[in-house]
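Chains, contacts and geometry: an overview
If you want the building blocks of each chain, they are given just below.
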Amino acid sequence: MSPIARILALALMTGIAFPAAAETVAVTNARIHTMGPAGEIGRGTVLIRDGKLAAVGADVAIPAGARVVDAAGGVVTPGLVAADTTLSVAEVNSLHATNDHDGAVEHLSAAFDVKYGINPNSTLIPVARLGGITRAVVTPDIEEDRDERPKERLFAGQAATIHLGPGEDLLMASGVGMVVHLGEAGAGMVGGARGTSFAALKAALDEGRHYALNRARYDYGHTRPYRLSREDLEALVPVVEGRMPLLVHVHRAADIRQVLKLAREDQVKVVLLDAEEGWMVASEIAKARVPVVVNPLSNLPARFETLGATLENAARLHEAGVTIIIEGSRTGHFARQVRYNAGNAVAHGLPWKAALEAITINPARVFGFGARAGSLEPGKEADLVVWDGDPLEPLTQPRQIFVKGTEMPMDSRARQLAKRYRDLPPDQPPAYR
Amino acid sequence: MGAASPYGESLHLMRQFASAAPWLLSAALLAGCASTDGGKGEAVKGGGDPASVRLAAKGLDPAASSESFPSTYRPMPSVTTAIVGARLLTGTGEEIEDGTIVLEGGRITAVGRGVPVPAGATVIEARGKWVTPGLIDAHSHLGVYASPSVAAHSDGNEMTDPNTANVWAEHSVWPQDPGFTRALAGGVTSLQVLPGSANLFGGRTVVLKNVPARTMQDMKFPGAPQGLKMACGENPKRLYGGKGRSPATRMGNVAGYRKAWIDAADYQRKWDEWRKKYAAATDDKKPDPPKRDLALDTLAGVLRGEILVQNHCYRADEMAMMLDVAREFGYRITMFHHASEAYKIADVLAREDICVATWAEWWGFKMEAFDGIEENPALVHAKGGCTVIHSDDETIIQRLNQEAATAMAAGNRLGLNITRADAIKWVTANPAKAIGVLDKTGTLEAGKMADVVLWSADPFSVYAVAEKVFIDGAVAYDRADRRFQPQTDFELGQPGKESRR
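Residues numbered from 1 in each chain as written. Chains lettered and ligands numbered in written order. Predicted model: local features only at pLDDT ≥ 70, side-chain atom pairs only at ≥ 80, totals over all residues.

1. Observations regarding the overall build of chain B
- Helix and strand content of chain B: 12 helices and 17 strands.
- Among the 501 residues that make up chain B, the fraction classed as buried is 54%. (Helix = DSSP H or I, 4+ residues; strand = E, 2+ residues; numbered from the N terminus. Buried ≥ 20, exposed ≤ 12 C-beta atoms within 10 Å, placed from the backbone.)

Here it is, written out as structure tokens:
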């Protein structure tokens, strides 16, 4: 038994999941999808040192003392990214006290920030990681069925990026995007019709711009009256200055056009979320260089604004030149579906490489951590997964998972439950197992 | 129905009276039936069912329930077809390489290696492809929660009383739900549509063949039994507790079930007694029948073993509680649905021969689902239990094969050695058994309905798509041919097409 295996075995026996410290590791004999300029390496080595990728290639010298992980011809990919998820800010969906993604109120709407709710001990995190996920874009939302909350909530709040690696501080960056719901749901939150929600958004951006130019005078009351609270105005400054993208939940082709128009007129960056009818305006989205986060399984006319939903949305957007990101499920519990969703997009026309990009390097770039993760390139943080086959296949399993150079335990509360109840009937209560 | 049940006895008695039938005549005359045979009575014995009691109108007779809203399903036109060279997963535990399957007259007529192809058959060369039975979803709300999911389509939960055993899901089914055609493209040929889980007794379920149709009756699976949706746990107590009425707790839930079964037994007894008295009375002294009660009818149907109990229940301890309630009142639970904790009592469920319908992936959406694990379906299977992968969802129903793949992978990760031949049963034969149609469909066996899927690849691969779906031998869906890609009225003329092909 290798030292690491012994440590892991001990961790499993004691029920304490602790990762091994960062070390020098060579993952050899692997089919490597770098998702970087080196492309695919049929048989190569990934060298990890001090938490970073030291070398990736077919001919990598293995330093003395490095621990060698023989991938035995398995597939190595960058760690996957769960884009647009409640992972780390949700525990049990129906228990509101355990959820920190839906919290915007009328005077703290743009100012609502998921970063305060991130729970490094969430039981969801190991479950997601065992699906190959090593980074996530944690997004707030406004749930439609929670009508005990104030109605007038224009923004759901600010998103954050996290890593799923060792340590208590998972936050990479806060304020990576400002979430807003438009279309039917957005209208439902503000006024009741699109004419209200789009106008309210434009007015808010206008106030934000004005505030950004007159911040110093605000405290003396020498500015025009604002409808937004100071906290919301402050939160909108990076948006109106083009530093923080609006993450816009939008569905209907006509609404997507309106968002593209708004982005042009108000000079803001946008990322489209959902965009089921995106394929119908794909060339316009591509021309505007607006990335799209899609769930490739959305193919039902669930609402009148998604009548054009199709399993080929991802493929058609990609074909038109749009940068796509594939999400798993917004629900953090199902974040592990990221790889299956990418596989289903492939089954409906998306090239395999584009699908893998859509769950690695694309989200990393769009959400501002492309220089740190998302591909296997020397100098980047060492997030990688060793798979026993095609990572997009449900029958494929991860063998080893590294985050920031640390090999993470292949364990979760769910796996412990499975082991506890594998042998029945028990000769003593399972609680003693 | 176990022989130990007191209500099995009452069924037996009822049948005796029905065949003796001296009272049938006057009932028939009362109904205005044209019987002129002067008291022999044979002419009015209804529907081949000796238990049937003819009253003034069929709707007044509990025993005639199964004749109400009858199926008008007719198989679509088909030609004799042979699929040759594919790998067959039969649903009976076999995997056959380079196999042939023959579909003739709506039935499967031959399955195996080297099976002769009948003269004149349409031959589909399927080397490298796979064939499975049509997939069956034992838990769907298609039609009752139709797309678009607007309030006007919210027809699955009669949330007005904890006991709505009187409602039937089939009365809510909108056959134009686009979800049906999406599920068809995913290889689903039959499904059980259930009422929701807001109530202790949610109402009757209906089994449908997944064919495009003008009416629910045109989809209704001929000869399939109905089910009774029951629900444990959080949903009923949350909903009614929130309204300040019972049940507000799990103990309130159980009290609610018990009260209802006591009422049902009482109701059953009244009808039995009436039949006895009716049989004994002279023509001029026939007693009036009891008043029919739709809710108690459903429960009595369960006690007689005619309606299958489909029990929504997440927690292991609650499933054990429901087993005792069933024992107390002499009925059988056919399947626990969702059953996130079935793995904790897999040995018990296998012994009791109760199927478990669950997911691989869903967990954590509420407290009672917090211990849901990917290994649940495989652990139930490994103990000798009847595992069913269900959807409860209009998206998952389109990929039941992938959900089964995830569940199989989780089991094999745990060293349970589950094969494709095993796991395909979770979405074919086992759900067929659990909804009472295994004698008609669910496997690739001669004599069964020709409900068959031709897959482009291994159905446990994410890249596999259903190329052709046969229902009763007819091509219901063809991925390569627009003429066999049904479109609902709702979607006609709307933007967006599923495929450019």
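2. Some words on the overall build of chain A
- Looking only at helices and strands, chain A features 13 helices and 16 strands.
- Along the longest, intermediate and shortest principal axes, the C-alpha atoms of chain A span 70 × 50 × 45 Å.
- In chain A, which comprises 433 residues, the share counted as buried stands at 55%.
- Contacts in chain A between residues at least 24 apart in sequence constitute 69% of all its contacts with a sequence separation of at least 6. (Contact = placed C-beta atoms within 7 Å.)

3. Let's talk about the sheet that holds strand β10 (residues 227-231) of chain B
Residues and elements named next belong to chain B.
- Spatial ordering of the open sheet is given by β8-β10-β11-β12-β13-β14, a layout of 6 strands whose pairing is mixed. The sheet is open, and its two edges are formed by β8 (201-204) and β14 (387-389), each paired on a single side. On average, each strand axis in the sheet is inclined to that of its neighbour by 20 degrees, with strand direction left out of account.
- Both β10 and strand β11 (residues 308-313) contribute to a ladder of 5 bridges, which runs parallel. Its bridge partner lying in β11, Gly227 is registered against Leu308. (Pairing = 2+ DSSP bridges. Axes fitted to C-alpha atoms, helices over the stretch in contact; angles between N-to-C directions.)

4. With respect to the nonpolar core
- Residues Val46(A), Leu272(A), Ile326(A) and Val356(B) are the most contacted members of the largest nonpolar core, which totals 264 residues.
- The element best represented in this core is helix α10 (residues 400-413) of chain B, accounting for 7 residues.
- Here this core spans two domains, since at least three of its residues come from each of domain 1 (3-77 + 399-425) and domain 2 (80-372) of chain A.
- Beyond its immediate chain neighbours, meaning those up to four positions away, Leu272(A) contacts Val248(A), Val250(A), Ile256(A), Val259(A), Gly278(A), Val290(A), Val292(A) and Val293(A). (Core = buried A, V, L, I, M, F, W, Y, C linked by C-beta atoms within 7 Å. Domains from an automatic or database assignment.)

5. Considerations on the interface of chain A and chain B
- Tallying the contact residues gives 40 residues for chain A and 42 residues for chain B.
- Of all the secondary structure elements, the ones that give two or more residues to the side of chain A that touches chain B are α10 (338-347) and α13 (413-420) of chain A.
- Ranked by residue count, the leading element in the side of chain A that touches chain B is α10(A), at 5 residues.

6. So, the sheet that holds strand β7 (residues 188-193) of chain B
All names here are of chain B.
- The 3 strands are arranged β6-β7-β9 in an open sheet whose pairing can be described as mixed. The sheet is open, and its two edges are formed by β6 (135-140) and β9 (206-209), each paired on a single side. Taking the axes of each pair of neighbouring strands and ignoring which way they run, one obtains an average angle of 20 degrees across the sheet.
- In this sheet, β9 lies alongside β7 in antiparallel orientation, the contact comprising 4 bridges. If you follow Ser190 over to β9, its bridge partner there is Lys209.

7. Here's the deal with the domain arrangement of chain A
Residues and elements named next belong to chain A.
- Partitioning chain A into structural domains gives domain 1 (3-77 + 399-425) and domain 2 (80-372).
- The C-alpha-based centres of domain 1 and domain 2 are spaced at 31 Å.
- Contacts between the two partners involve 15 residues from domain 1 and, on the opposite side, 15 residues from domain 2.
- Of all the secondary-structure elements, those providing two or more residues to the side of domain 1 that touches domain 2 are β15 (398-403) and α13.
- Here the residues of the side of domain 1 that touches domain 2 sort into 8 nonpolar, 4 polar and 3 charged. (Nonpolar A, V, L, I, M, F, W, Y, C, P; charged D, E, K, R; others polar.)

8. Quick word on the pairing of strand β10 (residues 246-250) of chain A
Residue and element names in this part refer to chain A.
- Burial analysis of β10 places 5 of its 5 residues in the buried class, the great majority of the element.
- Judged by which residues are buried, β10 turns out to be covered on both faces: Leu246, Val248 and Val250 on one side and Leu247 and His249 on the other are all buried.
- Pairing geometry for strand β9 (residues 171-181) and β10, over 4 bridges, is parallel. The residue of β10 that forms the bridge with Val180 is Val248.
- Summarising the sheet, β10 and strand β11 (residues 270-274) pair through 5 bridges and their orientation is parallel. Across the sheet, Leu247 pairs through a bridge with Val271, a residue of β11.
- At this point the chain moves from β10, through helix α7 (residues 253-266), to the parallel β11, and the crossover so formed is right-handed. (Right-handed = clockwise from strand over helix to strand, strands pointing away.)

9. Details of the packing of helix α5 (residues 250-280) of chain B against helix α6 (residues 294-303) of chain B
All names here are of chain B.
- Taken N-terminus to C-terminus, the directions of α5 and α6 make an angle of 85 degrees; their axes are 9 Å apart at the nearest point. Between α5 and α6, the interaxial angle falls into the category roughly perpendicular. When α5 is examined against α6, the residues Ala260, Trp261, Asp263, Ala264, Ala265, Tyr267 and Gln268 are found in contact with a partner set consisting of Leu296, Leu299, Ala300 and Leu303.
- Classifying every residue of the contact of α5 with α6 by side-chain character gives 9 nonpolar, 1 polar and 1 charged. (Parallel < 35°, antiparallel > 145°, perpendicular 65-115°, else oblique.)

10. Points about the pairing of β11(B)
Residue and element names in this part refer to chain B.
- The buried fraction of β11 amounts to 5 of the 6 residues, a majority that puts the element mostly inside the structure.
- Summarising the sheet, β11 and strand β12 (residues 333-338) pair through 5 bridges and their orientation is parallel. Bridge assignment links Val309 to a residue of β12, and that residue is Ile333.
- You can see the chain leave β11, run along helix α7 (residues 316-329) and come back into β12, and the turn it takes is right-handed.

11. Brief notes about the confidence of the model for chain B
All names here are of chain B.
- Scored by pLDDT, chain B has a mean of 89; 87% of the residues are at 70 or more.
- Across residues 1-52, where pLDDT falls below 50, the model places 72 contacts with residues more than four positions away in sequence or in other chains.
- Complex prediction metrics read pTM 0.91 and ipTM 0.94. (pLDDT = per-residue confidence, 0-100.)

12. Here we look at unusual backbone geometry
- A cis amide bond links Leu424(A) with the next residue in sequence, Pro425(A), at an omega value of -5 degrees.
- Locating Pro425(A) in the fold gives a position in the segment after α13.
- Between Ser147(B) and the following residue, Pro148(B), the backbone shows a cis peptide bond with an omega angle of -10 degrees.
- Even without being glycine, Met35(A) reaches a positive phi, approximately 60 degrees.
- Mapped onto the secondary structure, Met35(A) falls in the loop between β1 (25-33) and β2 (40-49).
- The class for Met35(A) is buried, based on 22 C-beta atoms found within 10 Å.
- Phi is positive for Asp98(B), which is not a glycine, with a value near 50 degrees.
- The class of Asp98(B) is partly exposed, set by 13 C-beta atoms lying within 10 Å.

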